[in-house]
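Tertiary structure, described
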Amino acid sequence: MRKILNEMHRWMTDYMKSFYTDDEEVQNGILVKEIHTGYVTSNCVELAKHLKLNQHDIELSEIIGLFHDVGRFRQYSIYKTFNDADSEDHADLGMKVIGELNFFDKLSREDFDIVNFSIGQHNKKEIAPCDDDRKILFAKIIRDADKLDIYRVLEPYFAQENAEKMPNFIKGKQIADISDDFVEHFAKGEQADYREIRTNGDRKIVRLMWIYNVNFAWTLKKISERGYIKKIIDNLPRNEKNSARIEEGILKLHDYVEDRLKNKINL
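Please read these numbers as outputs of a predicted model, since none were measured by experiment.

Quick notes on the side chain of D84
Following the sequence through the fold, D84 ends up in the loop between α4 (70-79) and α5 (90-98). When its relative accessible area of 9% is taken as the criterion, D84 is described as buried. A polar contact of 2.9 Å, which involves the side chain of D84, links it to the side chain of H90. Not counting the four nearest positions on each side in its chain, D84 is found in contact with R72, Q75, D89, H90, N123 and Y194.

Pasting the structure below:
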């Protein structure tokens, strides 16, 4: 497996660099995704080791992390955006890219199916029903590893005064207020579809609601320790209409995090 993985790393490095351009804005977007790929791959390995998976499964996790966003690069080259709603689901596009790569033929059918399923599910609102426990496990690993690094990517823009500095490929609309339906989802501790984001306030609420969809206490602990939750809450836009409901959501979220970390639910 290690030999195949080394080949995959070399290919992915060359592939990402093939999208380099003199267009500064486009280049910045490519670099963000390249750096993100490295962090997510490392997160997958670290989490797999924490879960005490065997060496084969640690390396399988590494493959999934390495290729989880391979579709992003083709997405941007075709559509000039990283917004799935305005282009194509980047996970589905990534599976098309993977299907064109001969070295994936060197994986066993079981391993290839796990890679395909996990990458295909890494950005969905929920993991699709599946009766294969290994597929579910690896899908959970990549979803956690990905979320953990997205918080890192977005952290500089949590403060509203920095929102206008957010790159175009991330920001979308910069309206500060939170849409009423997002406030209600948050107050009830429910997930919301990120593709329905309409304002920068919605984006912040979605990142908080992600907490309910974190699979492992290991990931939740890192998110909490790095202060991401507090920074988002401190920069939530409030008004007379939504303040009480937002506070309900914050209390519910704090109770949830405290309970999971205290009882080490889903290590």
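What to know about unusual backbone geometry
Notably, K52 is not glycine yet its phi reads approximately 60°, a positive angle. In this fold, K52 is placed in the loop between α2 (24-50) and α3 (55-67). With phi around 60°, K80 is a residue other than glycine that occupies positive phi space.

Some remarks on the nonpolar core
Ranked by internal contacts, the top residues of the largest apolar core, which has 70 residues, are M8, F67 and F104. Top element by residues in this core is helix α7 (residues 133-154). It accounts for 8 residues. Setting aside chain neighbours within four positions, we find M8 in contact with I63, L66, F67, F103, F104 and L107.

Describing the environment of M1
Mapping M1 onto the fold places it in the segment before α1 (2-17). A relative accessible area of 26% means that M1 is categorised as partly exposed. Along the sequence, M1 and E59 sit 58 residues apart, while their C-alpha atoms lie 7.2 Å from each other.

Cut-off values and rules
- Residues numbered from 1 in each chain as written.
- Predicted model: local features only at pLDDT ≥ 70, side-chain atom pairs only at ≥ 80, totals over all residues.
- Heavy atoms only, no water.
- Helix = DSSP H or I, 4+ residues; strand = E, 2+ residues; numbered from the N terminus.
- Buried < 20%, exposed > 50% of the residue type's maximum accessible area, 1.4 Å probe, protein only.
- Polar contact = N/O pair within 3.5 Å; in protein donor to acceptor, adjacent residues only side chain to side chain.
- Contact = heavy atoms within 4.5 Å.
- Core = buried A, V, L, I, M, F, W, Y, C linked by side-chain atoms within 4.5 Å.

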